[in-house]
Amino acid sequence: MDALNPNATSGWRHERGEASLSDVYRTVGTGRHSSRWRRAAAFAGPGYMVAVGYMDPGNWATSLAGGSKFGYALLTVALLSNLMAIVLQSLCARLAIASGRDLAQACRDAYPKWVSVPLWAFAEIAIIATDIAEVIGTAIGLNLLMGIPLELGVLITALDVFVILFLQKLGFRWVEAFIIALLGVIALCFGVQILLADPQWGSVITGFFPTTEIVTNPEMLYLALGILGATVMPHNLYLHSGIVQTRAYGHTVPEKKEALTYATIDSTVALCFALLINASILILAAAAFNAHGRTDIVELGEAHSLLSPLLGLAIAPTLFGIALLCCGLNSTVTATLAGQIVMEGFLKIRLQPWVRRLITRAIAIVPAAIVTIWYGDQGTAQLLILTQVVLSLQLSFAVFPLVMFTASKAKMGELVAPRWLSGIAYVIAVVIAGLNVKLLFDFITG
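This write-up is about the structure you can find in this document. Computed from a predicted model, the values in this text were never measured in an experiment. (Residues numbered from 1 in each chain as written. Predicted model: local features only at pLDDT ≥ 70, side-chain atom pairs only at ≥ 80, totals over all residues. Heavy atoms only, no water.)

1. Notes on the overall build of the protein chain
Here comes step 1: A tally of regular secondary structure across the protein chain gives 20 helices and zero strands.
Here comes step 2: In terms of overall dimensions, the protein chain is globule-like: its C-alpha atoms have a radius of gyration of 21 Å, near the 22 Å expected for 446 residues.
Here comes step 3: With the C-alpha coordinates of the protein chain rotated into their principal frame, the extents come out at 65 × 50 × 45 Å.
Here comes step 4: With 446 residues in all, the protein chain has 58% of them scored as buried.
Here comes step 5: A separation of at least 24 residues holds for 84% of the contacts in the protein chain among residues at least 6 apart in sequence. (Helix = DSSP H or I, 4+ residues; strand = E, 2+ residues; numbered from the N terminus. Rg over C-alpha atoms; globule rule 2.2 N^0.38 Å. Buried < 20%, exposed > 50% of the residue type's maximum accessible area, 1.4 Å probe, protein only. Contact = heavy atoms within 4.5 Å.)

2. A look at the side chain of threonine 406
Here comes step 1: Among the secondary structure elements, threonine 406 is positioned in helix H18 (residues 377-406).
Here comes step 2: Setting aside chain neighbours within four positions, we find threonine 406 in contact with Leu91, Arg94, Leu95, Met412, Val416 and Ala417.

3. Points about the packing of helix H9 (residues 172-197) against helix H16 (residues 315-347)
Here comes step 1: At a minimum axis separation of 9 Å, H9 and H16 run at an interaxial angle of 155°. Our classification of the angle between H9 and H16 gives roughly antiparallel. The handedness of the crossing between H9 and H16 comes out as left-handed. (Axes fitted to C-alpha atoms, helices over the stretch in contact; angles between N-to-C directions. Parallel < 35°, antiparallel > 145°, perpendicular 65-115°, else oblique. Left-handed = near helix turned anticlockwise from the far one by under 90°.)

4. Overview of the nonpolar core
Here comes step 1: One finds Trp60, Leu74, Leu103, Tyr238 and Phe405 to be the most contacted residues of the largest nonpolar core, which totals 131 residues.
Here comes step 2: Apart from the residues lying within four places of it in its own chain, the contact partners of leucine 74 are Gly66, Ile214, Met220, Leu223, Ala224, Ile227 and Leu282. (Core = buried A, V, L, I, M, F, W, Y, C linked by side-chain atoms within 4.5 Å.)

5. Digging into the state of the cysteines
In protein structure, a disulfide is the covalent linkage between the sulfur atoms of two cysteines.
Here comes step 1: Evaluated as defined, the whole model comprises zero disulfides.
Here comes step 2: This cysteine, cysteine 189, is not joined by any disulfide, and cysteine 326 carries the nearest cysteine sulfur, 6.3 Å off.
Here comes step 3: For cysteine 326, a relative accessible area of 7% corresponds to the buried category. (Disulfide = S-S within 2.5 Å.)

6. Structural notes on the side chain of histidine 240
Here comes step 1: With respect to the secondary-structure elements, histidine 240 resides in helix H13 (residues 234-243).
Here comes step 2: Within the structure, histidine 240 has its side chain in polar contact with the side chain of glutamine 89 (distance 3.0 Å).
Here comes step 3: Each residue touching histidine 240, except ones within four places of it in the same chain, is listed here: Pro46, Val50, Gln89, Cys92, Ala93 and Ser267. (Polar contact = N/O pair within 3.5 Å; in protein donor to acceptor, adjacent residues only side chain to side chain.)

7. Observations concerning the pattern of salt bridges
Two side chains with opposite charge may pair up if their charged atoms get near one another.
Here comes step 1: In this structure the tally under the stated criterion is five salt bridges.
Here comes step 2: A salt bridge links glutamate 176 to arginine 173; the nearest nitrogen and oxygen atoms lie 3.0 Å apart. Residue glutamate 176 and its partner arginine 173 are located together in helix H9, separated by three residues, close to a single helical turn.
Here comes step 3: Exposure remark for glutamate 176: the relative accessible area of 1% places this residue in the buried category.
Here comes step 4: The network of salt bridges with shared partners includes Arg101, Arg108 and Asp109. (Salt bridge = Lys/Arg side-chain N within 4 Å of Asp/Glu carboxyl O.)

8. Notes on the packing of helix H8 (residues 160-170) against H9
Here comes step 1: Between H8 and H9, the shortest axis-to-axis distance is 5 Å and the interhelical angle comes to 130°. Between H8 and H9, the angle falls in the class oblique. Together, Val163, Leu167, Gln168 and Leu170 of H8 and Phe172, Trp174, Val175 and Phe178 of H9 make up the contact between the two elements.
Here comes step 2: When the residues that make up the contact of H8 with H9 are grouped by side-chain class, the tally is seven nonpolar, one polar and no charged. (Nonpolar A, V, L, I, M, F, W, Y, C, P; charged D, E, K, R; others polar.)

9. Regarding the packing of aromatic side chains
Here comes step 1: This model, assessed by the stated rule, comprises five aromatic pairs.
Here comes step 2: Ring geometry for tyrosine 111 versus phenylalanine 405: centroids 5.5 Å apart, planes at 35°, classification tilted. Taken as a pair, tyrosine 111 in the loop between helix H5 (103-110) and helix H6 (113-146) and phenylalanine 405 in helix H18 lie far apart in primary sequence, 294 residues in all.
Here comes step 3: An aromatic cluster is present here, built from Trp12, Tyr111 and Phe405 joined pairwise through their rings.
Here comes step 4: Over the face of the ring belonging to tyrosine 249 we find arginine 26, whose NZ or CZ atom lies 4.3 Å from the ring centre.
Here comes step 5: Lying across the ring of tryptophan 12, lysine 411 places its NZ or CZ 5.5 Å from the centre. (Phe/Tyr/Trp six-rings, centres within 6.5 Å; stacked < 30°, edge-to-face > 60°. Lys NZ or Arg CZ within 6 Å of the ring centre and 35° of its normal.)

10. A few points about the environment of alanine 259
Here comes step 1: The residue alanine 259 is located in helix H14 (residues 253-288) in this model.
Here comes step 2: On the basis of relative accessible area, alanine 259 is assigned to the buried category, the value being 0%.
Here comes step 3: For the pair alanine 259 and valine 244, spaced 15 residues apart in the sequence, the C-alpha separation amounts to 9.3 Å.

Structure (structure tokens):
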């Protein structure tokens with residue numbers, strides 16, 4: 001029996017093996033005898049790493065297209081997507097704290113190999129698709145800011161492997177601090193751009209309320225599905241269930257319940273911050289493009305070049321480029337960690353950290369480099385679209401196991417999700433699956 005988790009085998013086919021992200025497992029103290037504010041602060045961090053996935057470069061195109069085409073009307077979709085994300089990420093924390101497993105380990109220990117191996121393959125495909133989108137986004141950011149060719153920019157993104165290794169040597173809190181610092185830069189950049197764009201704040205507020213036009217207008221519905229279907233990322237579910245366990249919370253049920261409360265607060269607050277960023281992209285597109293009659297903006301490079309003449313200040317496109325670069329850097333760091341969790345959790349493969357991370361990064365860089373060298377800018381745009389479709393296809397293979405595990409009393413014990421929460425989660429899982437089928441159908445039929 002696992003000494004760290006006495007109930008590790010209850011309800012599971014296999015005993016829990018080595019801890020998730022064992023090199024940083026329970027390395028962050030939680031100040032058990034400190035004040036509530038200090039304890040809450042100790043648990044803050046993983047949620048912001050997860051929030052990165054909800055504002056990655058792959059989501060920018062849909063938000064830009066939605067804002068430029070329909071103004072502020074699709075803000076309600078961004079809000080709905082965020083509410084779905086809050087529920088699912090809270091379940092990730094619940095799974096990790098109750099079972100001592102990340103989602104990959106849970107799938108390995110709950111299912112026979114003929115189920116868990118395909119789930120691993122789907123998860124790896126999702127990680128590769130995520131990585132490709134982040135690599136391309138970072139390369140585009142480098143190109144917009146410094147004129148670095150896309151092909152070279154793709155290769156430069158490999159350096160983030162060494163950034164992670166260096167920061168983790170200092171401690172996992174340094175990785176979180178790096179992510180949060182870049183998020184602060186992104187927020188500042190968008191704050192200044194929105195002030196320059198001077199949106200109609202009355203329209204912004206009404207944009208968060210749903211309208212029937214979203215359903216009755218096929219073009220608006222398609223963009224709404226794109227925003228909704230591409231917001232919740234499969235790798236985030238694996239990532240969150242792993243990094244929550246970097247906290248040194250106790251082993252008793254009351255201590256675990258307290259840890260779950262703080263972890264849920266962390267992810268909820270962080271995802272509300274992610275909503276502000278996603279809404280900012282859409283608001284900027286609505287105020288800078290839609291208000292000036294430019295309703296056809298979908299390319300990141302095109303948006304960057306038009307911000308200066310439309311807003312009248314040369315700093316606007318620079319801020320846009322900086323925000324995109326920070327988003328790309330953040331996303332590549334978190335996707336690499338998610339790749340580690342998936343590989344170790346499903347397969348129990350133990351590699352040196354630098355070897356493992358070079359492998360996961362190479363898997364993303366090689367196809368991205370080939371496409372950029374062979375097809376140039378147009379190829380990267382098409383590859384970005386393809387990655388979002390692939391992610392949509394993989395999402396349900398992570399969401400449904402997560403919801404089923406956390407609804408199981410045998411697996412979760414006293415921390416099993418309440419029936420009302422499981423009911424909401426199942427509805428979200430079915431809605432996401434339906435939307436992704438619709439997105440795939442639209443992609444195939446053109």
